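# Summary of structural features
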Amino acid sequence: MISLATARRLKQAGLTWHPALNDFFALPDHGLDDRVFVIAEMPAGIAEMQGQPVFTFHGAVEWALDYIVTTDAVWLPGENQLRLALEARLPEPRLTLAVTPDGYTCTLTVGDAPWSFAATSAEEAYAAALLALIDSRKV
C-alpha cells in the first residue's frame, strides 16, 4: 500500500478518484491519520469479548462519525489501480515493473525516452511514475 504522503501528492497532482467497493482510503486531519479504511458492503471488525477474539458487525463505527465528504478523504490506490492509471495516460502503454535487490523499478517509455522509478514497493514505484507523468503533462 502506498504511503499517505504519496497518496496526498497524487491527490494534489490531480489524480481523480471515483470511490468504489473495496477501495482503501485515509481520513487525514481528523485525528485518524494512522487508520486505513475500506469501502465495504458490511462493516466488520475484530474485538475481544470475555478474553476471546470475536468478529463484530455494525453499521456505524465506534467513534460515531456519521459522514464525511469524499473530498476530505485521500484515496490509497492499490498496485493494479496505479498501473491502470498509468496505462490510461500513455498513448502506447509501454510499461514494465522489475524486481530489484532493493525493491522494484517501474519503467515507462514516453516518446523515445525511458523513464525509471525505483522504490521499495511496486505501489510506490508506480505512484512515482504516475506523479512524474502527471507533472510532465502540466508543463
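As a reminder, the structure under discussion sits directly above these lines.
Okay, so let's go over this structure. Quantities reported herein were computed from a predicted structural model and do not represent experimental measurements.

### Describing the sheet that holds strand 6 (residues 95-100)
Spatial strand order, 6-7-8: three strands in an open sheet with antiparallel pairing. In the strand order of this sheet, the two ends are held by strand 6 and strand 8 (113-119), each with one partner. The sheet shows a mean angle of 20° between the axes of neighbouring strands, taken without regard to direction. Sheet strands in contact with helix 2 (residues 79-89) are strand 6 and strand 7 (103-110), and its direction is about 140° off that of strand 6. Its contacts with the sheet place helix 3 (residues 122-137) against strand 6, strand 7 and strand 8, and it is angled at close to 140° to strand 8.

### A few points about the packing of aromatic side chains
In this structure the tally under the stated criterion is three aromatic pairs. With a centroid separation of 6.0 Å and an interplanar angle of 5°, the aromatic rings of tryptophan 17 and tryptophan 75 are classed as stacked. Separated by 58 residues along the polypeptide, tryptophan 17 in the loop between helix 1 (4-13) and strand 1 (24-26) and tryptophan 75 in strand 5 (residues 74-75) bring together distant segments of the chain. Across the pair, exposure class does not vary: tryptophan 17 and tryptophan 75 are buried alike. Taking the centre distance of 5.6 Å and the plane angle of 20° together, the rings of phenylalanine 25 and phenylalanine 37 count as stacked. In this pair, phenylalanine 25 sits in strand 1 while phenylalanine 37 sits in strand 2 (residues 37-38), placing the two residues twelve residues apart along the sequence.

### Things to note about the layout of surface pockets
Estimated volume of the second largest pocket: approximately 170 Å³. Listed by contribution, the elements that provide at least two residues to the lining of the second largest pocket are helix 1 and strand 5. The dominant element in the lining of the second largest pocket, judged by the number of residues it contributes, is helix 1, at three residues. Looking at the lining of the second largest pocket, its residues break down into nine nonpolar, two polar and one charged.

### Structural notes on a nonpolar patch on the surface
A contiguous nonpolar patch, built from Met1, Phe24, Val36 and Val38 and spanning about 340 Å² of accessible area, is present on the exposed surface. Topologically, valine 36 is positioned in the loop between strand 1 and strand 2. On the accessibility criterion, valine 36 (44% relative accessible area) is partly exposed.

### Some details on the packing of helix 2 against helix 3
Contact geometry for helix 2 and helix 3: axes closest at 9 Å, N-to-C directions at 25°. By the criterion of interaxial angle, the relationship of helix 2 to helix 3 is roughly parallel. Crossing handedness for the pair helix 2 and helix 3: left-handed. Across from Glu79, Leu82, Arg83, Ala85, Leu86 and Arg89 in helix 2, the residues of helix 3 making contact are Ala122, Glu123, Tyr126, Ala127, Ala129, Leu130, Leu133, Ile134 and Arg137. Grouping the amino acids of the contact of helix 2 with helix 3 by side-chain chemistry returns ten nonpolar, no polar and five charged.

### Here we look at the pairing of strand 7
The pairing of strand 6 with strand 7 spans six bridges and is classified as antiparallel. Within the sheet, the bridge partner assigned to leucine 95 lies in strand 7 and is leucine 108. Counting the residues that bridge the hairpin from strand 6 to strand 7 gives two residues. Note that strand 7 and strand 8 share seven bridges and pair antiparallel.

About the thresholds
- Residues numbered from 1 in each chain as written.
- Predicted model: local features only at pLDDT ≥ 70, side-chain atom pairs only at ≥ 80, totals over all residues.
- Heavy atoms only, no water.
- Pairing = 2+ DSSP bridges.
- Helix = DSSP H or I, 4+ residues; strand = E, 2+ residues; numbered from the N terminus.
- Axes fitted to C-alpha atoms, helices over the stretch in contact; angles between N-to-C directions.
- Contact = heavy atoms within 4.5 Å.
- Phe/Tyr/Trp six-rings, centres within 6.5 Å; stacked < 30°, edge-to-face > 60°.
- Buried < 20%, exposed > 50% of the residue type's maximum accessible area, 1.4 Å probe, protein only.
- 1 Å grid on protein atoms, 1.4 Å probe; cavity = no way out; pocket = protein on both sides within 12 Å on 5 of 7 lines; lining within 4 Å.
- Points joined across faces, edges and corners; volume = space filled by probe spheres on them.
- Nonpolar A, V, L, I, M, F, W, Y, C, P; charged D, E, K, R; others polar.
- Patch = residues over 30% accessible without salt bridge, like charges linked within 9 Å, V, L, I, M, F, W, Y side chains within 5 Å.
- Areas by Shrake-Rupley, 256 points an atom, 1.4 Å probe, with all protein chains shown as cover.
- Salt bridge = Lys/Arg side-chain N within 4 Å of Asp/Glu carboxyl O.
- Parallel < 35°, antiparallel > 145°, perpendicular 65-115°, else oblique.
- Left-handed = near helix turned anticlockwise from the far one by under 90°.

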